[in-house]
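As a plain string of letters, each chain reads:
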Amino acid sequence: NVTVECYLDFPREWGLGSSSSLIYNIAQWAYISPFALSFAVHDGSGYDVACAGSEGPIVYEKRRSGPFWSPVNFYPLFADKLAFVYSNKKQDSAKAIHHYRLKRPFSPELYSNLTRLSEDMLKSKTLQEFAFLLTAHERLIADNLDLTPIKEQYFSDFSGEVKSLGAWGGDFLLVTCPMGRDDAKKYFAEKGFETFIPFEQLLITPEKREPHNDAPQIH
């Protein structure tokens, strides 16, 4: 018997791709396809496995022929007005995927619209443009899954935008901070959401691509 011990440098309940990272690392250790292993144990798209093996931002698509992804540059001029907020709950990805599959089939127009919105986000030059596209993406998914956008549920008086990440509702939320991150952090803390991480501290940026052991500085 072989015992494999795995360690995280962040709280396990945060998610942050811990399961997909484990799958990817086991596959590398066993010299098998991480996607084959992922698809054998759950019914997800595989995007999280692609992220686990990437050194930076990617765009991902699950095609009939299999997974397809490519690296992209995404470090916008307004990065200092973006942050991640922990939702205070761990989402059940399996339940979210089951709900999604019950709503299929979706129209080809939905896929093309979501693709176009994602491409336009990558090209955004201003926070206002990015926030508009973020909201449109959230609304489009909400309408097709018969769900309520997270901002409407909990943060209707927030002057920025709030985007679910991962399973609907997200372990983490992406927020825009037109009022500045200090005021945004105070807003979420007053509502009981105290884990507020600046964009550049959680993502892999060009200067962070060399191996390091530093955990994100949490505020």
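Residues numbered from 1 in each chain as written. Predicted model: local features only at pLDDT ≥ 70, side-chain atom pairs only at ≥ 80, totals over all residues. Heavy atoms only, no water.

## Topic: the overall build of the protein chain
Part 1: Looking only at helices and strands, the protein chain features 9 helices and 6 strands.
Part 2: Here the protein chain holds 219 residues, and the buried ones make up 36% of them.
Part 3: Within the protein chain, contacts between residues separated by at least 24 positions form 56% of all contacts whose residues are at least 6 apart in sequence.
Part 4: For the protein chain, the computed accessible surface area is about 13600 Å², with 53% contributed by carbon and sulfur atoms. (Helix = DSSP H or I, 4+ residues; strand = E, 2+ residues; numbered from the N terminus. Buried < 20%, exposed > 50% of the residue type's maximum accessible area, 1.4 Å probe, protein only. Contact = heavy atoms within 4.5 Å. Areas by Shrake-Rupley, 256 points an atom, 1.4 Å probe, with all protein chains shown as cover.)

## Notes on the side chain of Arg 181
Part 1: By the element assignment, Arg 181 lies in helix H8 (residues 181-190).
Part 2: One polar contact links the side chain of Arg 181 to the main-chain carbonyl oxygen of Ala 79, over a distance of 3.2 Å.
Part 3: Excluding its chain neighbours within four sequence positions, the residues that come into contact with Arg 181 are Ala 79, Asp 80, Lys 81, Leu 82, Ala 83, Phe 196, Pro 198, Phe 199 and Glu 200. (Polar contact = N/O pair within 3.5 Å; in protein donor to acceptor, adjacent residues only side chain to side chain.)

## Here's the deal with the pairing of strand S1 (residues 58-63)
Consecutive side chains of a regular strand alternate in pointing toward one face of the sheet and then the other.
Part 1: Across 6 bridges, S1 lies against strand S2 (residues 66-71) in antiparallel orientation. Pairing of Ile 58 across the sheet is with Pro 71, part of S2. (Pairing = 2+ DSSP bridges.)

## Concerning the nonpolar core
Part 1: Judged by nonpolar contacts, the single largest core of 18 residues is most densely connected at Trp 14, Leu 82, Phe 130, Phe 172, Leu 174 and Phe 199.
Part 2: Looking at which element gives the most residues to this core, the answer is helix H6 (residues 127-145), with 4 residues.
Part 3: If we ignore the near neighbours within four places in the chain, the residues touching Leu 82 are Pro 76, Leu 127, Phe 130, Leu 174, Val 175, Thr 176, Arg 181, Pro 198 and Phe 199.
Part 4: Counting 14 residues, the second largest nonpolar core, distinct from the first, contains Ile 150, Phe 158, Val 175 and Cys 177. (Core = buried A, V, L, I, M, F, W, Y, C linked by side-chain atoms within 4.5 Å.)

## Section: the sheet that holds strand S4 (residues 162-164)
Sheet strands pair via backbone hydrogen bonds, and the direction of the pair is either parallel or antiparallel.
Part 1: The strand order across the open sheet formed by 4 strands is S4-S5-S3-S6, and the pairing between neighbours is antiparallel. Each edge of the open sheet carries a strand with a single partner, namely S4 and strand S6 (196-198). The sheet shows a mean angle of 30 degrees between the axes of neighbouring strands, direction not considered.
Part 2: Of the strand pairs in this sheet, S4 and strand S5 (residues 172-176) are connected by 3 bridges, and their pairing is antiparallel. Residue pairing in the sheet places Lys 163 in a bridge with Leu 174 of S5. (Axes fitted to C-alpha atoms, helices over the stretch in contact; angles between N-to-C directions.)

## Quick look at a nonpolar patch on the surface
Part 1: There is a patch of nonpolar side chains on the surface, built from Val 2, Val 4, Leu 22, Ile 26 and Trp 29 and spanning about 500 Å² of accessible area.
Part 2: In this fold, Ile 26 is placed in helix H1 (residues 18-30). (Patch = residues over 30% accessible without salt bridge, like charges linked within 9 Å, V, L, I, M, F, W, Y side chains within 5 Å. Salt bridge = Lys/Arg side-chain N within 4 Å of Asp/Glu carboxyl O.)

## Comments concerning H8
Part 1: Along H8, the residues classified as buried are Arg 181, Ala 184, Tyr 187 and Phe 188. Down the axis of H8, the buried side of the element spans an arc of 120 degrees, and every buried residue falls inside it. Within H8, the exposed residues directed more than 90 degrees away from the buried face are Asp 182, Lys 186 and Glu 190.
Part 2: The elements touched by buried residues of H8 are strand S3 (82-86), helix H7 (150-154), S4, S5, S6 and helix H9 (199-202).
Part 3: Where H8 ends, the next residue or the one after it, Gly 192, has phi of about 95 degrees, a positive value. (Arc of directions from axis to C-beta.)

## Quick word on the pairing of S5
Part 1: Taking burial as the measure, the 5 residues of S5 include 5 buried ones, the bulk of the element.
Part 2: Side chains Phe 172, Leu 174 and Thr 176 of S5 all project onto a buried face; the interleaved residues Leu 173 and Val 175 project onto the opposite face, where all are buried too.
Part 3: In terms of strand pairing, S3 meets S5 through 5 bridges, oriented antiparallel. Residue pairing for S5: Leu 82 is matched across the bridge by Thr 176.

## Structural notes on the pattern of salt bridges
Part 1: Per the stated rule, a full pass over the model turns up 7 salt bridges.
Part 2: As a salt-bridge pair, Lys 163 and Glu 138 come within 3.2 Å of each other at their nearest N and O atoms. With Lys 163 in strand S4 and Glu 138 in helix H6, this pair connects stretches of sequence that are 25 residues apart. Each member of the pair, Lys 163 as well as Glu 138, is classed as buried.
Part 3: In this structure, the salt-bridge partner of Glu 152 is Arg 139, at a minimum N-O distance of 2.1 Å. With Glu 152 in helix H7 and Arg 139 in helix H6, this residue pair connects regions lying 13 residues apart in the sequence.
Part 4: Given a relative accessible area of 45%, Glu 152 falls into the partly exposed group.
Part 5: Counted as one network, the salt bridges with shared partners bring together Arg 139, Asp 143 and Glu 152.

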